[in-house]
Amino acid sequence: MSGADENTLHEQPLVRMERIGKCFGPVRVLEAVDFELRSGEVHVLAGENGAGKSTLIKILAGVHTDFEGTIRIAGRPVRPGSPQAAAALGVAVIHQELSLVPSMSVADNLFLGRPITAGGFIRQRAQRRGAERILKELGVEIDVARPVEKFPIGTRQLIEIAKALAHDARLIVMDEPTSALSAPEVAQLFEQIGRLKRRGCGVVYITHKMEEIERIADRITVLRDGRPVGTAAAADLPPPLLVRWMVGREISQRFPRHATAPGKERLRVENLVVPDPRRAGRRLVDGVSLSVRAGEILGIGGLQGSGASRLMHGLFDGRRERCGGRVWIDGQPFQPGTPRQAIDRGLALLTNDRKASGLVLPMSIIANSTLADLGRLTAPLGWRRPALERKAAETSAKALALRSPSLEMSAAALSGGNQQKVALAKWLQVEPKVLLLDEPTRGIDVGAKHEVYERLNEWTSRGIAIILITSEMPELLAMSDRIIVMHRGRVTAELAGKEASADRVLEAAMGRAKAES
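Presented here is an overview of the structure given in this document. (Residues numbered from 1 in each chain as written. Predicted model: local features only at pLDDT ≥ 70, side-chain atom pairs only at ≥ 80, totals over all residues. Heavy atoms only, no water.)

## Thoughts on the overall build of the chain
Across its full length, the chain holds 19 helices and 22 strands. For 517 residues, the compact-globule estimate of 2.2 N^0.38 gives 24 Å, and the C-alpha radius of gyration of the chain, at 24 Å, lies within 12% of that figure. Expressed as lengths along the three principal axes of its C-alpha atoms, the size of the chain is roughly 70 × 55 × 45 Å. The burial tally for the chain puts 54% of its 517 residues in the buried class. Relative to all contacts within the chain whose residues are 6 or more apart in sequence, the contacts with residues 24 or more apart total 66%. (Helix = DSSP H or I, 4+ residues; strand = E, 2+ residues; numbered from the N terminus. Rg over C-alpha atoms; globule rule 2.2 N^0.38 Å. Buried < 20%, exposed > 50% of the residue type's maximum accessible area, 1.4 Å probe, protein only. Contact = heavy atoms within 4.5 Å.)

## Focus: helix H17 (residues 446–461)
Because each turn of an α-helix spans 3.6 residues, side chains separated by three or four positions end up pointing in the same direction. For H17, spanning 16 residues, the distance from its first C-alpha to its last is 23 Å, which sits close to the expected 22 Å at 1.5 Å a residue. The buried count for H17 comes to 13 of 16 residues, which makes it a mostly enclosed element. Gly463 occupies a position one or two residues after H17 and carries a positive phi of about 95 degrees. (Expected span 1.5 Å × (residues − 1).)

## Describing the sheet that holds strand E14 (residues 283–293)
The pairing of strands in a sheet comes from backbone hydrogen bonds and takes either a parallel or an antiparallel form. The four strands lie next to each other as E14-E13-E16-E17, forming an open sheet whose pairing is antiparallel. Bordering the open sheet on either side are E14 and strand E17 (332–334), each of which pairs with just one other strand. Strand after strand, the sheet turns through a mean of 20 degrees between neighbouring axes, direction not considered. In the sheet, strand E16 (residues 324–329) pairs with E17 via three bridges, with the strands oriented antiparallel. If you follow Ile329 over to E17, its bridge partner there is Gln332. Here helix H9 (residues 308–316) sits on the sheet in contact with strand E13 (265–275), E14, E16 and E17, set at roughly 110 degrees to E13. (Pairing = 2+ DSSP bridges. Axes fitted to C-alpha atoms, helices over the stretch in contact; angles between N-to-C directions.)

## Some words on the pattern of salt bridges
This structure, assessed with the given rule, holds 27 salt bridges. We note a salt bridge from Asp330 to Lys433, for which the minimum N-O separation is 3.3 Å. Of the two residues, Asp330 sits in the loop between E16 and E17 while Lys433 sits in the loop between helix H16 (416–428) and strand E19 (434–438), which places them 103 residues apart along the sequence. For the salt bridge of Arg455 with Glu458, the shortest nitrogen-to-oxygen distance reads 3.1 Å. Taken together, the residues Arg455 and Glu458, both in helix H17 and three residues apart, mark about one turn of the helix. Judged by its relative accessible area of 28%, Glu458 is partly exposed. Members of the salt-bridge network, linked through shared partners, are Arg16, Glu36, Arg38, Glu41 and Arg219. (Salt bridge = Lys/Arg side-chain N within 4 Å of Asp/Glu carboxyl O.)

## Quick look at the nonpolar core
With 65 residues, the main nonpolar core has Leu267, Leu290, Trp427, Leu435, Trp459, Ile466 and Ile467 as its most contacted residues. When residues of this core are assigned to their parent elements, the largest contribution, six residues, is made by H16. Ranked by size, the runner-up nonpolar core spans 51 residues in total, among them Leu181, Leu189, Met210 and Val247. (Core = buried A, V, L, I, M, F, W, Y, C linked by side-chain atoms within 4.5 Å.)

## Examining the sheet that holds strand E1 (residues 15–24)
Ordered in space as E2-E1-E4-E5, the four strands form an open sheet in which the pairing is antiparallel. Two strands bound the open sheet, and with one partner strand each, they are strand E2 (27–37) and strand E5 (76–78). When the angles between neighbouring strand axes are averaged without regard to direction, this sheet yields 30 degrees. Bridging between E1 and strand E4 (residues 68–73) involves five bridges; their strand directions are antiparallel. By the bridge assignment for E4, Val15 is matched with Ile73. Where helix H1 (residues 53–60) meets the sheet, it contacts E1, E2 and E4, and its direction lies at approximately 115 degrees from that of E1.

## With respect to a positive patch on the surface
Together, Arg123, Arg125, Arg128 and Arg129 line one region of the surface with positive charge. Tracing the backbone shows Arg123 in the loop between strand E8 (121–122) and helix H4 (124–137). Owing to a relative accessible area of 40%, Arg123 belongs among the partly exposed residues under this scheme. (Patch = residues over 30% accessible without salt bridge, like charges linked within 9 Å, V, L, I, M, F, W, Y side chains within 5 Å. Areas by Shrake-Rupley, 256 points an atom, 1.4 Å probe, with all protein chains shown as cover. Lys, Arg positive; Asp, Glu negative; His and termini not counted. Charge placed at Lys NZ, Arg CZ, Asp CG, Glu CD.)

As structure tokens, then:
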């Protein structure tokens, strides 16, 4: 992507943060950080999990008010004392978890906190007209009287941007905005970012996806361990150098070579069906058949709502999903029932939301790592054996290169990448034959991703079969031996690794291809 317009380079920056420092108790999390955002540019803030990106943004957004250094907005010294004060200065932060109220209308959400009133009453008609005008400027035409919950996640993301504009924001922070978006929704979001730039807004963009940085960045600032590594124009910071800045070391291959020869068939699925519990007669998974062999990675591609995640849940928790079809594990029939039955037969599932269903965040690393295998780790009468649990957790932590001062600390205190390692450790503890991985690298940095890729190759070399769902196309193409693509609950294509390409996968994901025989 070309850099910001040359005319903006000598203008007063929208924001300038100088020598920013921050401590949490005795721990220093930011040290002498400088950051600048200009009008009409996308400035990517990059770094590994725990590098200090979120803390820096929370200082700008008025969440953390006790900090060192100075902030200038449009050249004027400011010190936001609250998120409301930051919003009044034109700062808007769009988090991964959107701040919209699902049950309220689009118009009411856009003017939440700053309603249009007359005589103490909200002017609903004026708010609807204002909402329609702002959304039209973004190229979005929707019914602003409908509740937000009626719209897909991609549209909600655009409503969040419109909300920022309704509050006169010129400085917009986007924190991992594409984590739950499909490829077409990502393209639509990037179109809106282009519109924001043309309006003179500045966008601070935080992402761990290298392809997004290449597509959208004008400038890049990298933090590592709370300290600034450097700032450069995107054109002057090629991916290998950017990775070295972020992780502090060379990564010779972004995707380590996967060379394990497939062995015997581990899992076979025929005509799997998962009904929609909300609509009688509708199927979320509709007659899917697949197989995966020992040492093989089978990738599943598809847009959001394709049914891939429900397929995995159907195999792991078939009784609750009320699924039908036939399944074999190591050649023996298996009737999908409860998670405990799946685990006992060698099936493990890493869900796509480690915080909601993968980990119990207030519990310790030890407790989370051993949670799925307590039956084997407890004494015959049900008494816990803490020494055995600790030993098992230590083994998993070493195998996954977990970075933590103590295994007694809560999972909530870990960075996203290390939380993901604990979630993986929980399932590796049960020594699975088949590992179902749903977005295993979502929300983690490039260094942690590389470590996960290395672990995938290690596990396949031990004979584990892996089924992988990922929304990152380069990851899907590079790590999979074969790929099946789903659309509206059905398989629309099966591609050998050498046959797969982004175009073929996307075509099948939109329902334009037929499954190969």
